[in-house]
Amino acid sequence: MAQLRQFPEGFVWGTATASFQIEGGRNERGDCIWDDFCRWPGKVHAGDTGDVADDHYHRFCDDVALMAELGQNAYRFSISWPRVLPEGAGEVNEKGLDFYSRLVDELLARGIDPYVTLYHWDLPSALQRMGGWAARDTIYRFQDYAAVVADRLGDRVKNWITHNEPWVVAFLGNLHGQHAPGWEDLGLALQVGHHTIVSHGLAVQALRARGGADTRVGITLNFSPAYPASDRAEDVAAARMHDGYSNRWFLDPVFEGRYPQDLWDAYGYQVPRVAPGDMELGSQPIDFLGVNYYTRAVVQHDPRGWLGYRTLKPEGEYTAMDWEVFPQGLTDLLVRLTRDYGAPPLYITENGSAYEDVVSEDGQVHDPQRVAYLRQHLAACLDAIEQGVPLKGYFAWSLVDNFEWAFGYSRRFGIAHVDFGTQRRTLKDSARFFAAVIAQNAVEV
Ligand code: FCB
């Protein structure tokens, strides 16, 4: 018997996107490190670029109409730094700021509350040429950029997210070389990570100084909940290591003003240079934590592996990203964050799945696996809420199929399908399912 499980009153429902992944409008902004990375042979699937993407820059009104059709009451998007400041600093592109201002007006006119991320990975190339996030100066440029954006949008935008997934910025971009700028250097990655945390603190100050009493500022982290492959002590220790590398390395500085000692020791001489006052800046009180969750990690001790472990691929169901579908991981994560980090208000700022979707002969996109993924993860949210977790909202990744970073357009995460030849959007079955959840503020399980 199906059961209707209710979400708390006032729950925030939205979809999430990011500037480089959807906007296009390449000639109306400065260059960013992803423009450069896309032109690095072999780095991005099929040589795909963000030049056009979903052409959202020119079609944002239609996209907001789509959101209204879904009934969502919030929308998380990011601002392209080089659209606002083409050189990263100095001259402001008023047309660029104006685009975001019109987007915000369009959202508010339809009762959709904007949740604005300042940095979702499109660093101006001009700043990368001066060292990018590895250069301390970049943190002050970020503060200035935050101030410019807040001055223009702060009268209407009340919810801000400074950074999206500093772990990805630091490690995928500078240790694993899979994201822009594409380097493979641990010391560099750790310094970059440190600067994202300090710049987060500076941006919190800049946003608060300009906003009213109702301004709320948070940060979004990605998580990889670690499960030991067995209950052997060495696997348990390995899982703890993975948790440190993936989760605590950013959680502890943001909430406790210090790096986790076990990882600090493991990184040896490569640890970041920390200036006096940095840890205080990075750990200022925030109003909420954004949680991005896709899958878990199963961890086994392996002396030859990175930090002494390797991750396994357990039997189970996998998405087109080859990520295991593991909703229990979301419940466990939310409960753990609440237990260990002072119970900040939490929002799921991203959760979703990629599958090989096609438009059927009936003109529809049938994506039963994504419907199941959504249903199970929403139920996982409710399990956490029932255990006392202060979860306030859920943003599905993503509104539309888009540029999936190194995978280019080969992975579809949207609840609306996009034909990249015609830019036609088609709501998938999962979008209709999500709309029904929003309408009832409840999920049938
Ligand atoms: C997250 C990113 C987001 C999207 C999803 C699938 O790490 O924040 O932009 O690519 O993964």
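Residues numbered from 1 in each chain as written. Predicted model: local features only at pLDDT ≥ 70, side-chain atom pairs only at ≥ 80, totals over all residues. Heavy atoms only, no water.

A. Geometry of the site of the ligand. In the vicinity of the ligand, the contacting residues are Gln-21, His-120, Trp-121, Asn-164, Glu-165, Tyr-294, Glu-350, Trp-397, Glu-404, Trp-405 and Phe-413. Within the side chain of Glu-350, an N or O atom sits 3.0 Å from an oxygen atom of the ligand. Here an oxygen atom of the ligand sits 2.9 Å away from a polar atom, N or O, in the side chain of Trp-405. Protein chains shield 94% of the accessible area of the ligand, which is 300 Å² for the free molecule. Residues that form the shell around the ligand fall into these classes: five nonpolar, three polar and three charged. (Near = heavy atom within 4 Å. Polar contact = N/O pair within 3.5 Å; in protein donor to acceptor, adjacent residues only side chain to side chain. Areas by Shrake-Rupley, 256 points an atom, 1.4 Å probe, with all protein chains shown as cover. Nonpolar A, V, L, I, M, F, W, Y, C, P; charged D, E, K, R; others polar.)

B. Just the nonpolar core, in detail. Formed by 129 residues in total, the largest nonpolar core has its most connected members in Trp-34, Phe-171, Tyr-267 and Tyr-394. With eleven residues, the top contributor of residues to this core is helix 9 (residues 186-210). Apart from the residues within four sequence positions on either side, Tyr-394 is in contact with Phe-11, Val-12, Trp-13, Gly-14, Ile-348, Asn-351, Leu-374, Leu-378, Cys-381 and Phe-434. Counting residues in hydrophobic clusters, the runner-up holds 17 residues, among them Val-12, Ala-16, Tyr-115 and Phe-395. (Core = buried A, V, L, I, M, F, W, Y, C linked by side-chain atoms within 4.5 Å. Buried < 20%, exposed > 50% of the residue type's maximum accessible area, 1.4 Å probe, protein only. Helix = DSSP H or I, 4+ residues; strand = E, 2+ residues; numbered from the N terminus. Contact = heavy atoms within 4.5 Å.)

C. Focus on the layout of surface pockets. What the largest pocket holds in volume is close to 1,200 Å³. As for the largest pocket, its lining consists of 41 residues, of which Trp-167, Leu-172, Ser-224, Thr-295 and Trp-323 are closest to the centre. Among the secondary structure elements, those contributing two or more residues to the lining of the largest pocket are helix 8 (166-174), helix 10 (233-256), strand 9 (297-301) and strand 10 (309-312). For the lining of the largest pocket, a count of residues per class yields 22 nonpolar, twelve polar and seven charged. Put simply, the second largest pocket is a space of about 270 Å³. Considering the residues around the second largest pocket, the lining is formed by Pro-225, Ala-226, Tyr-227, Pro-228, Val-236, Ala-239, Arg-240, Asp-243, Asn-247, Asp-332, Leu-333 and Arg-336. Listed by contribution, the elements that provide at least two residues to the lining of the second largest pocket are strand 7 (226-228), helix 10 and helix 13 (328-340). When residues of the lining of the second largest pocket are assigned to their parent elements, the largest contribution, five residues, is made by helix 10. In terms of residue class, the lining of the second largest pocket is made up of seven nonpolar, one polar and four charged. (1 Å grid on protein atoms, 1.4 Å probe; cavity = no way out; pocket = protein on both sides within 12 Å on 5 of 7 lines; lining within 4 Å. Points joined across faces, edges and corners; volume = space filled by probe spheres on them.)

D. Representation of helix 3 (residues 56-70). When the terminal C-alpha atoms of helix 3 are compared, their 18 Å separation across 15 residues is substantially less than the 21 Å that a helix rising 1.5 Å per residue should span. Its axis deflected by about 40° at Asp-62, helix 3 carries its strongest bend there. Inspection of helix 3 places His-56, Tyr-57, Phe-60, Asp-63, Val-64, Leu-66, Met-67 and Leu-70 among the buried residues, and these make up the whole buried set. (Expected span 1.5 Å × (residues − 1). Bend = angle between axes of the 7 residues up to and from the residue.)

E. Focus on the pattern of salt bridges. Per the counting criterion, the structure on display carries 39 salt bridges. A salt bridge links Asp-35 to Arg-26; its shortest N-O distance comes to 3.3 Å. Arg-26 carries the same exposure label as Asp-35, and that label is buried. Its salt-bridge partner being Asp-63, residue Arg-425 comes within 2.9 Å of it at the nearest N-O pair. Pair noted here: Arg-425 is in strand 14 (residues 424-427) and Asp-63 is in helix 3, with a separation of 362 residues, a long-range link. You can call Arg-425 buried: its relative accessible area is 17%. By relative accessible area, Asp-63 is classed as buried at 2%. Beyond isolated ion pairs, a larger network of salt bridges with shared partners links Arg-240, Asp-243, Arg-248, Asp-262, Arg-336, Arg-339 and Asp-340. (Salt bridge = Lys/Arg side-chain N within 4 Å of Asp/Glu carboxyl O.)

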